Amino acid sequence: MKPLRPVALGPCIGWVLCVAASAATACAGEADLGGTWRGLAQLGPEGGDLVHGSEGGPVALELVIGEYGPDVAGLLRFFRGDSWLRARSAEAPDRECGCSLLHGGRVDASTAQAAFTLQGCLPGAADRARVRARGSLRRTTSGAVLVITVDEPGSPLHKRSSTIALEQTGGPGDIALADLACPTALPTGNTASGQ
Amino acid sequence: MMRHRASAWVCTLAWTVLWMAGAARAQQPAARNSPLVAGDVADVHKRPRTVAVLPVKNYLVRPADLFAPEALPASDPGALAVQVAVLAALHAATYVDVVAPDGTRHALLGAPDAAGRVQAAQAAYRMGLELYLGLSSARAIDKLRTAGREFAEAFTDVFDAKASADAQFMLGVALVDSGRSAEGHVALKAGFSQQPDRRFRRDFFPPAAANALQTALTDLLSTVDPLRPYGDNQRMAALARKLGVGWLVLTSLRKGERGPIASIAVFSAHKRLVEAEAHLPIEQIGARLEPFLSRWLACVPIDTTAVAPASPLRVWTDMAVSWAPFLQQPTRRDFQSLGFAGGADVVLRQNLHWFGRLGLYTSVPDAYRDLLRSFNSARVVTGLGAAGRTGPLRYFVNLGVDAHLLGSFVTSVDPDCKLFGTEHRLCDRGSLLNLESQVLFGAHAAVGGQLHLGRDFLLALRLSVSNYFLPLDGTDRLNRPLGVELGFGYRI
């Protein structure tokens, strides 16, 4: 019997392991939304006026999101000034509306879209009260689009929404512990600081 | 209910191992007979050595007497006496089964293809002879050559030398008549090598053929090897195989300086060579033959059949890459464990071995990342197995126990726990499952094979499954690991 050559088996073993590992991790049907997203909330008719700085200036957003099969979790941060998009140093647009956590996030992999709720204040809102808003993140060819719609009956902001175009600045593996800091909400629903 | 199922599972595996052990024992080739000294085993276990005695070949002839049939009696009393002496000496020896020339004839003629070959050879010879007499030499040569080849294939020269030699003689004469003297010489010499004491009537052949015959006999007598009167070692090995014997005794008579000499050779089929030889003056045969054969027999080991030698300790080691998914796991999607496993099978008996293996594994994340951290574990399995062999493949069934030390195994279905960590306020602690540093015990079964690649190196493949029973309340979440291992091994 002709003996088998071990040199030919090595790549085969590696290939089998790669296939097994890939099958275990890559076939989940994810929408590929995980990572860090950033964008600028435009004022005016196109972007709506739900989110803006207290001085009426533009607001930068950072969405840190983790996607786990059908679930997503994450947080949404607001910052003042478009310069923040280039250097993450600007202060929050409103000291008490710096960060909101995502709740009940679900993914529809077929439409590459995630839906979640936000509980907290929104920068630029009239009374900075705690409101409940629905968020959706949808992948586009150039990035993603975040739509925030207030769903708080009784609030003057009810049904008002903002659409913000986002670009991905980091993948799921780039999320650091510091990126997940979101201070405890105050009784008003706002956070203690803009960090 | 679960316990009953587990018991049934274990019983089924145990039955499988026992059944395989029986099957493997049945398929195991007979133990190789080992040379042992006579005192090591009881007489009933000793297997006689089988020896075939071929007819004595008589080279005590003179080319000058080739055409004087009256110079040679019908049977040479010297050759007969030597043959009788050889047979008597062998019959007197212990643990020797002797096949006399008559038995040799029956054995060769009784071979499955012998009758057909001999008939074909005889038919070809008759046709060749007729063609030669009809002056069709070229066609006669073809037929006679066929006859000679068929006779040789059937070893006809051993039991009917005249018929076989006649084909060669007629072939040689036909070749000489056709002017192909060199080829004719070879054929005539081959005829005399099969029947050296053949005589012909005067004036039977034309002068050219008669001269060629005399020259061929002269050439044979000056060049013949008296220890190989029936051909070379390869032909003798084939003859011994056909006769089913271990040894052949080849005897020839030739002229010596002080009288006829009997050359006796003992050919070993196993070694494929002449392992003992003697050249004895005929008048001393009675005194010197028995000591010669005794010396040879003393050096030939007695085979045993009933007693197998003690199995030497054999250890089959291997190191393999391993893939081990769990059939029962708390994550919503399967997670895989990859790692390395190594171990050894220590052969206790021919088809029974003890095995021990150690495996080290780490996890590949599941699709939903329910497994919060990379999960490392160590696994020890040990038990008994049954093994069998088929050519270069050794296959086995193992049954034993499995101890699995789990490292950090924490799962959750809450995405907040996955993103922010288990200490975060959003993480639902109720969704956490922590099996950290737990040891699971259970039954283990495996099947596999080791393919012999050359020297003592092996390609090993093993499939396994375990079922954990202990601790009683800790095996319902993570259980039943499968195992697929592929690697290389070495037989010590």
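Anything mentioned here points back to the structure above.
Here's a quick rundown of the structure. (Residues numbered from 1 in each chain as written. Chains lettered and ligands numbered in written order. Predicted model: local features only at pLDDT ≥ 70, side-chain atom pairs only at ≥ 80, totals over all residues. Heavy atoms only, no water.)

## Remarks on the overall build of chain A
In step 1: Within chain A, the regular secondary structure consists of one helix and eight strands.
In step 2: When the helices and strands of chain A are read in sequence order from the N terminus, they spell out α-β-β-β-β-β-β-β-β.
In step 3: Looking at chain A as a whole, 47% of its 195 residues are labelled buried.
In step 4: Surface summary for chain A: the accessible area is close to 9400 Å², and the carbon and sulfur share equals 55%. (Helix = DSSP H or I, 4+ residues; strand = E, 2+ residues; numbered from the N terminus. Buried < 20%, exposed > 50% of the residue type's maximum accessible area, 1.4 Å probe, protein only. Areas by Shrake-Rupley, 256 points an atom, 1.4 Å probe, with all protein chains shown as cover.)

## Quick notes on the nonpolar core
All names here are of chain B.
In step 1: Leu 188, Phe 192, Phe 200 and Leu 213 are the most contacted members of the largest nonpolar core, which has 36 residues in total.
In step 2: Secondary-structure elements contributing two or more residues to this core are helix 4 (114–133), helix 5 (137–153), helix 7 (161–177), helix 8 (181–194) and helix 9 (207–223).
In step 3: Here this core takes 10 residues from helix 7, the largest share from any one element.
In step 4: In this structure, Val 53, Ala 89, Val 96 and Phe 292 belong to the second largest nonpolar core, which totals 29 residues. (Core = buried A, V, L, I, M, F, W, Y, C linked by side-chain atoms within 4.5 Å.)

## Considerations on helix 3 (residues 101–109) of chain B
Residues and elements named next belong to chain B.
In step 1: Three or more residues of helix 3 are buried, namely Pro 101, Thr 104 and Leu 108. What you see down the axis of helix 3 is that its buried residues fit within an arc of 50 degrees, all on one side. Those residues of helix 3 that are exposed and angled more than 90 degrees off the buried face are Asp 102 and His 106. (Arc of directions from axis to C-beta.)

## Focus: a nonpolar patch on the surface
In step 1: Among the surface-exposed residues, Trp 323, Val 447, Leu 461, Leu 463 and Val 484 of chain B lie close enough to one another that they form a single nonpolar patch of about 380 Å² accessible area.
In step 2: Position of Val 447 of chain B relative to the elements: it lies in strand 17 (residues 439–454). (Patch = residues over 30% accessible without salt bridge, like charges linked within 9 Å, V, L, I, M, F, W, Y side chains within 5 Å. Salt bridge = Lys/Arg side-chain N within 4 Å of Asp/Glu carboxyl O.)

## Details of the state of the cysteines
Disulfide: a covalent bond connecting the sulfur atoms of a pair of cysteines.
Residue and element names in this part refer to chain B.
In step 1: Scanning the model with the defined rule gives one disulfide over all chains in all.
In step 2: Across the disulfide, Cys 417 is cross-linked to Cys 427 (sulfur-sulfur distance 1.9 Å). Across the S-S bond of Cys 417 and Cys 427 the torsion is about 95 degrees, and the bridge reads as right-handed. Here Cys 427 lies in the loop between helix 12 (415–420) and strand 16 (433–434) and Cys 417 lies in helix 12, a separation of 10 residues in the sequence.
In step 3: Given a relative accessible area of 3%, Cys 417 falls into the buried group. (Disulfide = S-S within 2.5 Å.)

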